[in-house]
Structure formats: C-alpha cells, structure tokens
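# Fold and geometry: a report
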Amino acid sequence: MKSQPDLKLLATFLAVVRQGSMAEAAAALGYVPSAVSQHIAALERDMGIELIVRRPGSRLILTAAGRSLAQATETLFDATARFQDTANGIANREIAELRVGTYPSAMTYLLPEVLSTLRARRPGPRIRLIVVETEEGVPRVKSGDMDLLVAYRYLPEDPPAPSEALTITVLGREPLVLVTGAEPGRRHPVELAECLEREWVSGHAHNPDRRLLLRWAGELGIAPQVTLETEDLHSMLAMIRAGLAVGLIPATILGAGHDAGIERVVLPPGVAPLHREILAVSRPGARPPIVNELVTLLAGAVEGAPGPAQDGGVRAEPGEI
C-alpha cells in the first residue's frame, strides 16, 4: 500500500460514494464512466484491498474497508476545506486572534466603549487584551508577541519613536487637567497662584509625567513641591480628593465620573494646558482590517475626551509618524 493515497483518486472515490454509482459520479465530475472505474481500480490497488462490491444492474455497495475509507476521506476533505478557508482569510488579512497591549487607564476608560462599538459593528477575531506600560509593550510589538499597542508619550523625545521596526499612529492629544481637592462652600475658581504653596503629587523623578510637569513649571517660572510620588493614577486622585495635593490627571479619567470632590485649577491667560499624545504602535506592513478599524475608533475616543474647562483641551488629528 502507498503511504499516501492519491488525492485525485480519493476525490473520485468520494464522488462515487455520494452519488451511489460510477455513472452518476462521472457525470458529476465531468469524466467518462470508464475513467471513474479506472480511478477506483487504481485506488484499490494502492490500498491493497477491495473497497466497492460491483454488482451489474444494481447500486454499488461499500465493503467494510470502503466504509472506513469513505469516513476518513470525508474528514480529510473537510479539514482541507477549512484549511483552505483559513489560508484564504490570512491572505486577505483576516486573523483568528488579535493581541492588543494597553496602558492601565486606557484599559479602564478608553477600551471598553471602543470594543463594544467594534463588536456591535461586525463579528471579528478574538481580541486578547494585555495590560502593559508603554516602555514594556514596545519591545513586545517589535518581537511579534503583540499586534497592537495603545501607548502614550508625554514629551516629544520620549519613546516610542518611529523606526524600521515600528509604525506609530498618533491617535490624538489627551488633555492633562490640573486639579485639586474641592473645598466645601468655596464660590470662586481655584487659581494656579493659590496652588504654589500646596503639596503636589506626581510620578517618580524619572517618570514622563514628572518630567513634563517640571519642564512646564520651568517655562512658567514656578516650582511646585512634589512631596507625594506614585505611578498609580487612582492613588493620585485619592490624595487630591482628600485635599492633600495638587496634580495633573488625564482627562479620560475625570470624564469617567471620577471628578467628584475634585476642583479644576484655572490657568492664567496665555498659559497652554498640558497634554500627552496617545499612540497606536504596530509593526510595519499591511495591517488586518480589524486593526485599522480599531485604530480609527480609538482616535475618535481620544478626540472625545473632555478637556480643561477653560478651553476645551488641545487635540491633534490622527496620523502616522
């Protein structure tokens, strides 16, 4: 017996099984009946066993070996068809699973609505979400471990930077809102000058939000006293709400119903509010349609983030860099 039966012979055999006769199988395949008979005979020689009992004037009867081979052939051809469908889908940039990395606050306040919209629009691949900070996620995109990274950048010189290994799409600018704890009974807005003698909360010394704050303060000629350091935005909010500090909070968090007990600080005229860039990071080359749709929805979500009360925020049009 041959180690691998001829697929053409198996296809003819399966047609005979399905049609019930060689003549009808020949018509279905576009062969002459003698060709079908020859294929079956060749398959039986290859297998070394009788597969079909031939009785003149009656429909063909499968032997036990024939029934087993018919079942195995059905399984083989079904699997082949599924493989071909998958291969065609991959060629058309359809995928079974998309791995998306995102920083923690985007996972909480940006992704849920975007993914709900995406799911309502179309069935698509399974999306696996991975919570990861930008500096940890970029190498995983480069290695292929993640297909898309939702990232942030506080300063232009901060990573990620465009390169041969990365495609970076600017989704927009998310405003950073200067806030302090609300004072009961207060009737007038809090001015920046009032906050200079208070304690401030920010990231650790080398964190991008801390460096942005210090650069901004230097340009204004002020020296905020950062005495509370944390990388966790919820901890920042808790300390600000308790009246312990002044700090910069991303607008998406405040717009998610977490501004109770928070007072927005009014900046002096001419002082531009701060922002951070929100980015989509992927590998170069053609992206699956689901990635492009996800990037578009993310850009819309960033654009819709509420900005500082005094000017509505600063945003940029999405685009690749």
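Refer to the preceding data block for the structure.
Residues numbered from 1 in each chain as written. Predicted model: local features only at pLDDT ≥ 70, side-chain atom pairs only at ≥ 80, totals over all residues. Heavy atoms only, no water.

### Topic: the overall build of the protein
The condition that has to hold: Working definition: helices are DSSP H or I runs of at least four residues, strands are E runs of at least two. Numbering for both runs from the N terminus. Exposure classes here rest on a 1.4 Å probe applied to the protein chains alone. A residue is buried below 20% of its type maximum, exposed above 50%, and partly exposed in between. By definition in these notes, contact holds between two residues if any of their heavy atoms fall within 4.5 Å.
The secondary structure content of the protein amounts to 12 helices and 13 strands. Within the span of the protein, comprising 321 residues, buried residues form 43% of the whole. Considering only residue pairs separated by 6 or more positions, the protein has 74% of its internal contacts joining residues 24 or more positions apart.

### Considerations on the pattern of salt bridges
To keep it simple, the criterion reads: When a carboxyl oxygen of Asp or Glu lies within 4 Å of a side-chain nitrogen of Lys or Arg, that pair is called a salt bridge.
By the definition in use, this model includes 15 salt bridges. Across the pair R99 and D145 runs a salt bridge, and its minimum N-O distance is 3.1 Å. On the criterion of sequence distance, the pair formed by R99 in strand β3 (residues 97-102) and D145 in the loop between α7 (134-143) and β5 (148-153) is long-range, its members being 46 residues apart. Of the charged contacts in the structure, one is a salt bridge between R186 and E194, with a shortest N-O distance of 2.6 Å. By relative accessible area, which is 23% here, R186 ends up partly exposed. One continuous salt-bridge network, built from bridges that share partners, spans E97, R99, R126, R128, R140 and D145.

### Quick word on the side chain of S202
Mapped onto the fold, S202 is located in strand β8 (residues 199-202). A relative accessible area of 3% places S202 in the buried class. Not counting chain neighbours up to four residues away, the residues in contact with S202 comprise D209, R210, L213, V226, L228, E229, T230 and M236.

### Quick notes on the packing of helix α1 (residues 7-19) against helix α3 (residues 33-47)
Formally: To get an axis, fit a line to the C-alpha atoms, keeping to the stretch in contact for a helix; angles then go from 0 to 180 degrees between the N-to-C directions. Should the near helix be turned counterclockwise from the far one by less than a right angle, the crossing is left-handed, whereas a clockwise turn marks it as right-handed. Any residue outside Ala, Val, Leu, Ile, Met, Phe, Trp, Tyr, Cys, Pro, Asp, Glu, Lys and Arg is labelled polar, Gly included; the first ten of those are nonpolar and the last four are charged.
For the pair α1 and α3, the least separation of the axes is 9 Å and the interaxial angle reads 115°. Note that α1 runs across α3; the crossing there is left-handed. Residue-level inspection shows K8, L9, L10, T12, F13 and V16 of α1 in contact with α3, the latter providing V36, H39, I40, A42, L43 and D46. Here the residues of the contact of α1 with α3 are counted per class, giving 8 nonpolar, 2 polar and 2 charged.

### As for the environment of D145
Test applied: Distance and chemistry together define a polar contact, namely a pair of N or O atoms within 3.5 Å, with one atom able to donate a hydrogen and the other to accept it when in protein, and with adjacent residues in sequence counting only for side-chain atoms on both sides.
On the basis of relative accessible area, D145 is assigned to the partly exposed category, the value being 28%. Along the backbone, D145 and R99 are 46 residues apart, and their C-alpha atoms lie at a distance of 7.7 Å. Polar side-chain contacts of D145 include one of 2.7 Å to the side chain of R140.

### Quick word on the packing of aromatic side chains
Inclusion rule: When two rings of Phe, Tyr or Trp (its six-membered ring) have centres within 6.5 Å they constitute a pair, described as stacked for plane angles under 30 degrees, edge-to-face for angles over 60, and tilted for the intermediate range.
The full count for this structure, using the stated rule, is 2 aromatic pairs. Relative to Y152, the ring of Y103 has its centre 5.1 Å away and its plane inclined at 85°; by these criteria the two rings are edge-to-face. Placement of the pair is Y103 in the loop between β3 and α5 (104-109) and Y152 in strand β5, with a sequence separation of 49 residues. The buried category is assigned to Y103, whose relative accessible area is 3%. Under the relative-accessibility criterion, Y152 is labelled buried at 13%. Arranged with centres 5.6 Å apart and planes meeting at 80°, the rings of Y152 and Y154 form a pair that is edge-to-face.

Remember that the coordinates give geometry; whether it matters functionally is a separate question.
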